[in-house]
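Below are the chains, spelled out letter by letter.
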Amino acid sequence: MPSNSIQEMYVKTGLLKMRKLWVTLLAVAAVSFVSMGFLMLTNKPDIHVPEAEACQELLSNITQPQKVDEVWSLEQLKLMQSCRWKFNATALAKYRAELGHCCNASAWLTVTQENAPLDSKLVYDASSSKSLKVSSGLLEILPEKSPFPDRLYKTCAVVGNGGILRNSSCGSKIDEHEFVIRLNLPSTDFPDDVGRKTNMVTVNPSILLSRFRGLVGRRLPFVKAGVSYGKTWFLIPAFSFPGHSDVSYRALYAIEDSGSESHVFFFHPQYLSTLSKYWHDRGFHVHRLSSGFMLVNAALELCQHITLYGFWPFSLHPDGHFLPYHYYDDVPPKKWVHDMPKEFGYYVNMHFHGALQLHVGEC
Ligand code: CDP
């Protein structure tokens, strides 16, 4: 072969190899470019939209509607789920100071010998023209002083009775709290969903009248129901309606006579009327606050950290399936008495401001 054509052949193969190299390099660069772009896109919320900023903007735009409904609540729930919740000690301290000023749960939530001395008057909060003079007999069954400690509870769970708790698996999370508050003698049959611990439970006198026949006959069914909460505090609004005092005393006798370690306390009607005025002055006009709302307010004063479970007064689960009203039955509330959706609106607001954490859904 002439030396020229050999040279030509070497040049040609060299060029061919270089072209191949370039093509490979270009292909690698293209693939890296595409995958980098893909990674940037999939990680976009973390990189380009800092959560705190986005949520801050949402926060400043929150307005409380006049009437809270399921659609509004679902929208808020979506926001709640997309914004990481952050505790705001200042927001909680503001509620604690305001509520402490008007209502003072640690001294006034329950009737005591201190805040209801002999011959003083208890004015029924749901019937303010009627009152009861504190007799020596009543004084005898009242605790000397408020049961609440001088310190704040570290963590509190307030457990509403909403159907949202069914199949939530929230039981162990709820039980982790130092102080667990329940409402209206709820069922203890779903421990995996609602937990086992109960430090305080409200008892509506209407339950004593209907479920336990006014406690005029046998008291054992009531005592047995009480045992299912373990050692606890029962809190009864004995002085809201005049017709409810005697049955509330009987509940106290039943628990005390059974030798139970649990205690029965009565809501102070002055606490309930000042609390209702506090919210009325802020535009919440309702016939009567629900027991859930009353105890959330008490928790705002008594606890360092508060989580709400079981508050969802709507008929559909956020996933779209039908929900019973309670986690244990489907008896709806008396609509004309409370406005639970509106109360839910206030919880949403407190959640967004970081004063408490509202948990809706599974754990
Ligand atoms: O007797 P009351 O109507 O106050 O309440 P309940 O049905 O025994 O439930 C206890 C509390 O849980 C209520 O006072 C509400 O604050 C709350 N709740 C809720 O937010 N959503 C529900 N679906 C049911 C109850």
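Residues numbered from 1 in each chain as written. Predicted model: local features only at pLDDT ≥ 70, side-chain atom pairs only at ≥ 80, totals over all residues. Heavy atoms only, no water.

Here the focus is the overall build of the protein chain. In terms of helices and strands, the protein chain carries 15 helices and 9 strands. In the protein chain, which comprises 363 residues, the share counted as buried stands at 43%. Counting contacts in the protein chain only where the partners sit at least 6 residues apart, residues at least 24 apart contribute 72% of the total. Summed over its atoms, the accessible surface of the protein chain is roughly 20000 Å², and 57% of this surface lies on carbon and sulfur atoms. (Helix = DSSP H or I, 4+ residues; strand = E, 2+ residues; numbered from the N terminus. Buried < 20%, exposed > 50% of the residue type's maximum accessible area, 1.4 Å probe, protein only. Contact = heavy atoms within 4.5 Å. Areas by Shrake-Rupley, 256 points an atom, 1.4 Å probe, with all protein chains shown as cover.)

Moving on: the side chain of His351. Mapped onto the elements, His351 comes out in helix H15 (residues 340–352). The exposure class assigned to His351 is buried, which follows from its relative accessible area of 5%. Residues contacting His351, with those up to four places away along its chain left out, are Met80, Trp85, Leu356, Gln357 and Leu358.

This brings us to helix H4 (residues 70–82). Taking 1.5 Å per residue as the helical rise, H4 with its 13 residues ought to reach 18 Å, and the 18 Å between its terminal C-alpha atoms agrees with that figure. When H4 is considered as a whole, its buried residues turn out to be Glu70, Trp72, Ser73, Gln76, Leu77 and Met80. All buried residues of H4 fall inside an arc of 150° around its axis, so they share one side. Seen from the buried face of H4, the exposed residues on the opposite side, beyond 90 degrees, are Val71 and Lys78. As for H4, its buried residues are in contact with H15 and strand S9 (357–358). A distance of 3.3 Å separates the backbone nitrogen of Val71 from a side-chain oxygen at the start of H4, and that oxygen is part of Asp69. (Expected span 1.5 Å × (residues − 1). Arc of directions from axis to C-beta. Polar contact = N/O pair within 3.5 Å; in protein donor to acceptor, adjacent residues only side chain to side chain.)

Between its first and last C-alpha, H15 extends 18 Å over 13 residues, near the 18 Å set by a 1.5 Å rise per residue. Burial analysis of H15 places 11 of its 13 residues in the buried class, which makes it a mostly covered element. For H15, the set of buried residues is Lys342, Glu343, Phe344, Gly345, Tyr346, Tyr347, Val348, Asn349, Met350, His351 and Phe352. Looking at where H15 begins, the residue whose side-chain oxygen comes 3.2 Å from the main-chain nitrogen of Lys342 is Asp339. Once H15 finishes, Gly354 follows within two positions and takes phi at roughly 80°, a positive value.

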